[in-house]
Amino acid sequence: FVATKLVTHGAVSWLADTPEGWPWELGRLLGDCVLPGYSVFNRADALEAGRRLLVDGPVRLKEASGIGGAGQWVVANRDELDQELERIGAERLAHGFVVERNLAEVTTLSIGQVQVGPWTASYAGRQRTTRNHRGREVYGGSSLTVVRGGFDALLRIPLAPAVRLGIEQARRYHDTMHDVFGAGLF
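Parameters and conventions
- Residues numbered from 1 in each chain as written.
- Predicted model: local features only at pLDDT ≥ 70, side-chain atom pairs only at ≥ 80, totals over all residues.
- Heavy atoms only, no water.
- Buried < 20%, exposed > 50% of the residue type's maximum accessible area, 1.4 Å probe, protein only.
- Helix = DSSP H or I, 4+ residues; strand = E, 2+ residues; numbered from the N terminus.
- Pairing = 2+ DSSP bridges.
- Expected span 1.5 Å × (residues − 1).
- Arc of directions from axis to C-beta.
- Contact = heavy atoms within 4.5 Å.
- Salt bridge = Lys/Arg side-chain N within 4 Å of Asp/Glu carboxyl O.
- pLDDT = per-residue confidence, 0-100.

Enquirer: Would you mind going over the pairing of strand β1 (residues 37-40) in detail, with residue names and values included?
Expert: Neither face of β1 is exposed, since Gly37 and Ser39 on one face and Tyr38 and Val40 on the opposite face are all buried. Two strands pair when backbone bridges link them, and β1 and strand β4 (residues 97-101) are joined in this way by four bridges, in the antiparallel orientation. In the sheet register, Tyr38 faces β4, and the bridge partner there is Val99.

What follows is the structure, given as structure tokens:
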């Protein structure tokens, strides 16, 4: 689960079905640097996660192994959630799903760092989409601003406020993941 999108969200409760080694505090520690949501491994937990999130609008179900928008479904109410979970089935749910708030109009940022030997480069930019051969909108690349150095170097250049916020959230996410997994705190 650590190498998938499941690691980003907490479980619905301390009684939730989770894999061995689940980082119980991580969801709370990540806080507002991720969308409101939950990682689930069974129908009951998925229904509870959906019930909580549907109060604020549609939710997205994301299969842990899904990439490029595949393995995702949006539901607008409890009946749709129940039907979709029935279609997905217990066996697939056991491999993990994310249930999170659905965003209709989005701008996705690409923010990160790369290190080669002693050199570090940090980058920020906006992703764009394209249509695949099935007519579905998928990731189509990013327009990036790249600087030599860490996130501090990136924040020293003029950037839009939304990009600055994204960098701060990415830094918090990175630092939290390092603290939890790099330091063996879970």
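Enquirer: Any details on helix α2 (residues 43-54)? Residues and values, ideally.
Expert: Here α2 spans 16 Å end to end across twelve residues, near enough to the 16 Å set by a 1.5 Å rise per residue. Within the span of α2, buried status applies to Asp45, Ala46, Ala49, Gly50, Leu53 and Leu54. For α2, the angular spread of the buried residues around the axis is 155°, confining them to a single face. Turning to α2, the residues buried within the fold contact β1, β2 (59-63), β3 (72-75), α3 (78-88) and β4.

Enquirer: Provide a residue-level description of the pattern of salt bridges, including the pertinent values.
Expert: Overall, the coordinates contain twelve salt bridges when judged by the stated rule. Ionic pairing is found between Arg51 and Glu48, a salt bridge with its closest N-O pair at 2.5 Å. Taken together, the residues Arg51 and Glu48, both in helix α2 and three residues apart, mark about one turn of the helix. Classification of Glu48 as partly exposed rests on a relative accessible area of 22%. Arg87 is the partner of Glu84 in a salt bridge, and the nearest nitrogen-oxygen pair spans 2.5 Å. Separated by three residues within a single helix, Glu84 and Arg87 lie in helix α3, roughly one turn from each other.

Enquirer: Give me the environment of Gly141: which residues, what numbers.
Expert: By the element assignment, Gly141 lies in strand β7 (residues 137-148). Note on Gly141: relative accessible area 14%, which makes it buried. Taking the C-alpha atoms as reference points, Gly141 and Ser110, separated by 31 residues in sequence, lie 9.5 Å from one another. Among residues more than four places away in sequence, those in contact with Gly141 are Arg126, Gln127 and Arg128.

Enquirer: Provide a residue-level description of the confidence of the model for the protein, including the pertinent values.
Expert: Residues of the protein with pLDDT of at least 70 account for 93%, and the chain-wide mean is 89. Within the protein, the lowest mean pLDDT, 86, falls on helix α1 (residues 26-30), and the highest, 97, falls on α2.

Enquirer: Mind laying out the side chain of Glu84, listing which residues take part and the relevant values?
Expert: Overall, the relative accessible area of 16% leaves Glu84 in the buried class. If near-sequence neighbours (up to four positions away) are discounted, Glu84 is found in contact with Leu61, Trp73 and Val75.

Enquirer: Please provide a residue-by-residue account of the environment of Val114, values included.
Expert: With respect to the element layout, Val114 can be found in strand β5 (residues 109-116). Val114 gets classed as partly exposed once you look at its relative accessible area, which sits at 46%. In sequence terms Val114 and Leu35 are 79 residues apart; their C-alpha atoms lie 25 Å from each other.

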